Amino acid sequence: MNAAPGGAVDRGALVLDRRLGQGGQGVVHRVANLRINRAAADGGWDVVYKEYAPALLPDLDAAALTAMVDLLDELSGDEGRWLCEKTAWPAAVVRTDGQVSGFLMRAAPDRFRFDFRSLSGAGSGTRRLANLEFLLNDDAYTAGIGLTVGERDRLLLLADLAGTLDRLHRIGIGVGDLSPKNLLLATTGPPECFLIDCDAMRLRGASVLPQAETPDWQLPAGEEKATPAGDVHKLALLAVRLIARDQVTTDPTALTALSPDLGELARRSLDPAPARRPSPAEWAECLRAAAPTVPTASAAPPADAVSDGAASDGAPAPQGRSKSSFVAPVVFVVLVLVLLAVMIARSRGTGDHAEGPGTTRPPTPSPTSASPTRTPAPVTTTPARTPTATFDPRSLDSAQTDRTPLTASALLPVSFTDSKGVTYTRNSGSTGDCPDDSMKESLQTALRKAGCDKQVVGTYIDANARIAVAVWVIPLADAQAADRGKQALAEFSITDWSLWCPTTGPGSQLCDRGTDIRSATQSGYRMNSHRYLLQSRALYINLTTDSSAEEWTNAAAYAAITEAGP
């Protein structure tokens, strides 16, 4: 391996494998030629490389990132081993042309992944990260995608997290952006959590980048971020929502029903005054005491859940929810942090557009015209919702029987690949009112007549940050209303819809004040599926007017709309 100044790793020594994800901060790649902890009994751990987006580098505190890496040498052997078993802690700084460009970390262990099941069967059984965000939906949904986690295991998950927070705080680490998107759950072994995005944490008061928070997981206005008291506040939000199967509630009623002591602990933790909040250790003790007193199954499965593929008109109870999916633990041996290069090679990348096996060109979209702009909230990254394998798709035809959560995680894919072989990754997603006031006024009127009152909107970017795609998913009363809505909207161009953008990173500049997109080459499609009306829009971020770009925007817009929906 080529060593960069300060003992860091030179990016040119990394052989990059497939891209694992992309967000507002940068891109994460698997590294093919490195292993961490080669002395471990399992042969060591896979390595991933997070490369920061160039726009973030001026705000990056390289000394803070280096201090995170150096912490592993400062800790005792037992403490360092524990930190690397519970978190994807930065293991080495990576430099490009002498400047810090990212860092290496351990890949999430396989026990924090699960075999994801999908509605269509395509992609069923694929291994995905088991984010805790999956558990903020009802039990019919979580069982349908391949996760079964009862009440007792939820409390034990929270107890493990509380114990982890207590130990991190004693080391001098504040998590800060503590939300389900940064937490994984073990699907084998005892209930436990694994923390990712550790470079967003604060070590001894220093942050690599300015502290940020996930929407709906913020601290009270004006409170300092990434403190022990702030972490406890967010732990309480997680406890309340994990038991309630709700993504935004702050009501501890469901938690109190399991344990009055836990309910009281949540109320104290949500106190606006940080000094009045309890410690993570108090949470861990109370959770461990409460866990044996609750059933392994869900305390109150939703009465209107769909079971055995039947559309629910009454209250059939979900089946098979009582047994935990956790089995024997995986035991790690002594941690020796070693980064070994198998070869020294320049990193591998893709061209402007990676060619796939299919090249079928979708139909030409409607002409373009002027469009207003709109910016949604940042995405909370989770894979798309899918019902159980025996799910009856006819239940999606009516709001009376459709149990799909109205969230980006339920209605928008994490990523999709178009007919040109280009892969797009979701970088923002939100639920909002429909219509939004930045749409063309006549379009707003048509949507209101169709019965639209809510919509889910997501944005996607390709790996090379060339093309931006926006997707709208609009639930209506029933399948007939969706079909009528599609016909009523036939007269409108794609550019009559507002342009949505991520709040930061590639594509965000399209929503900058004064940006003119009227003459840019762009494509869009409209369709209805069950009770849902769907719309897509794709254009080059550089706003090219070259007509040859249309085949690429066509492919992106068509793939986006066919992958969206329940």
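It should be emphasised that the depicted structure is a prediction, and the values quoted were computed from it without experimental measurement.

So, on to the packing of helix H7 (residues 260-269) against helix H8 (residues 280-290). Contact pair H7 / H8: the axes reach a minimum separation of 10 Å and the direction vectors enclose 160°. Classed by the angle they form, the pair H7 and H8 counts as roughly antiparallel. With respect to the hand of their crossing, H7 and H8 are arranged in left-handed fashion. Residue-level contacts link Asp-261, Leu-262, Leu-265, Ala-266, Arg-268 and Ser-269 of H7 to Glu-282, Trp-283, Cys-286, Leu-287 and Ala-290 of H8. Across the contact of H7 with H8, the residue classes tally to seven nonpolar, one polar and three charged.

Another aspect to go through is the pattern of salt bridges. In this structure the tally under the stated criterion is 26 salt bridges. A salt bridge links Asp-166 to Arg-170; the nearest nitrogen and oxygen atoms lie 3.3 Å apart. Remark: Arg-170 and Asp-166 occur in helix H4 (residues 151-171); sequence separation between them is four residues, near one turn of the helix. One network of salt bridges, in which partners are shared, links Lys-86, Arg-111, Asp-160 and Glu-192.

Further remarks concern the environment of Val-469. Mapped onto the elements, Val-469 comes out in strand E19 (residues 467-475). By relative accessible area, Val-469 is classed as buried at 2%. Separated by 84 residues in the primary sequence, Val-469 and Thr-553 have C-alpha atoms spaced 8.4 Å apart. When near neighbours in sequence (up to four residues on either side) are disregarded, Val-469 contacts Phe-416, Tyr-424, Gly-458, Thr-459, Tyr-460, Arg-537, Ala-538, Ala-556 and Ala-560.

Attention now goes to the confidence of the model for the chain. Model confidence for the chain is summarised by a mean pLDDT of 79, while 79% of its residues fall at 70 or above. Segment residues 299-389 is flagged for pLDDT under 50; beyond a separation of four residues in sequence, or across chains, it makes 268 contacts in the model.

Another aspect to go through is the sheet that holds strand E13 (residues 206-207). An order of E9-E12-E13 is seen for the three strands of this open sheet, with the pairing classed as antiparallel. Lying at the two open borders of the sheet, with one neighbouring strand each, are strand E9 (173-174) and E13. In this structure, strand E12 (residues 202-203) lies alongside E13, joined through two bridges in antiparallel fashion. Note on E13: the bridge partner recorded for Arg-202 is Ser-207.

The six strands are arranged E16-E17-E18-E19-E22-E21 in an open sheet whose pairing can be described as antiparallel. Strands at the two margins of the open sheet, each flanked by one partner only, are strand E16 (415-417) and strand E21 (522-529). Strand-to-strand twist of the sheet, defined as the mean angle between neighbouring strand axes without regard to direction, takes the value 20°. Here strand E18 (residues 454-462) pairs with E19 via six bridges, running antiparallel. Across the sheet, Tyr-460 pairs through a bridge with Val-469, a residue of E19. Contacts from helix H11 (residues 479-488) reach E21 and strand E22 (532-540), with the element oriented near 150° to E21.

In this section: the environment of Val-473. Along the chain, the position of Val-473 falls in strand E19. Separated by 62 residues in sequence, Val-473 and Leu-411 have C-alpha atoms that sit 7.2 Å apart. Not counting residues up to four positions away in its chain, the partners in contact with Val-473 are Leu-411, Leu-412, Gln-455, Val-456, Tyr-532, Leu-533, Leu-534, Ala-564 and Gly-565.

Time to look at the state of the cysteines. Throughout the structure, instances matching the rule amount to one disulfide. In this model Cys-434 forms its disulfide with Cys-452; the gap between the sulfur atoms is 1.6 Å. On the S-S bond that ties Cys-434 to Cys-452, the torsion sits near 130°, and the link is right-handed. In this pair, Cys-434 sits in the loop between strand E17 (423-433) and helix H10 (441-450) while Cys-452 sits in the loop between H10 and E18, placing the two residues 18 residues apart along the sequence. Counting only cysteine sulfurs, Cys-198 is the nearest neighbor of Cys-84, a cysteine outside any disulfide, at a range of 9.4 Å.

Basis of the calculations
Residues numbered from 1 in each chain as written. Predicted model: local features only at pLDDT ≥ 70, side-chain atom pairs only at ≥ 80, totals over all residues. Heavy atoms only, no water. Axes fitted to C-alpha atoms, helices over the stretch in contact; angles between N-to-C directions. Helix = DSSP H or I, 4+ residues; strand = E, 2+ residues; numbered from the N terminus. Parallel < 35°, antiparallel > 145°, perpendicular 65-115°, else oblique. Left-handed = near helix turned anticlockwise from the far one by under 90°. Contact = heavy atoms within 4.5 Å. Nonpolar A, V, L, I, M, F, W, Y, C, P; charged D, E, K, R; others polar. Salt bridge = Lys/Arg side-chain N within 4 Å of Asp/Glu carboxyl O. Buried < 20%, exposed > 50% of the residue type's maximum accessible area, 1.4 Å probe, protein only. pLDDT = per-residue confidence, 0-100. Pairing = 2+ DSSP bridges. Disulfide = S-S within 2.5 Å.

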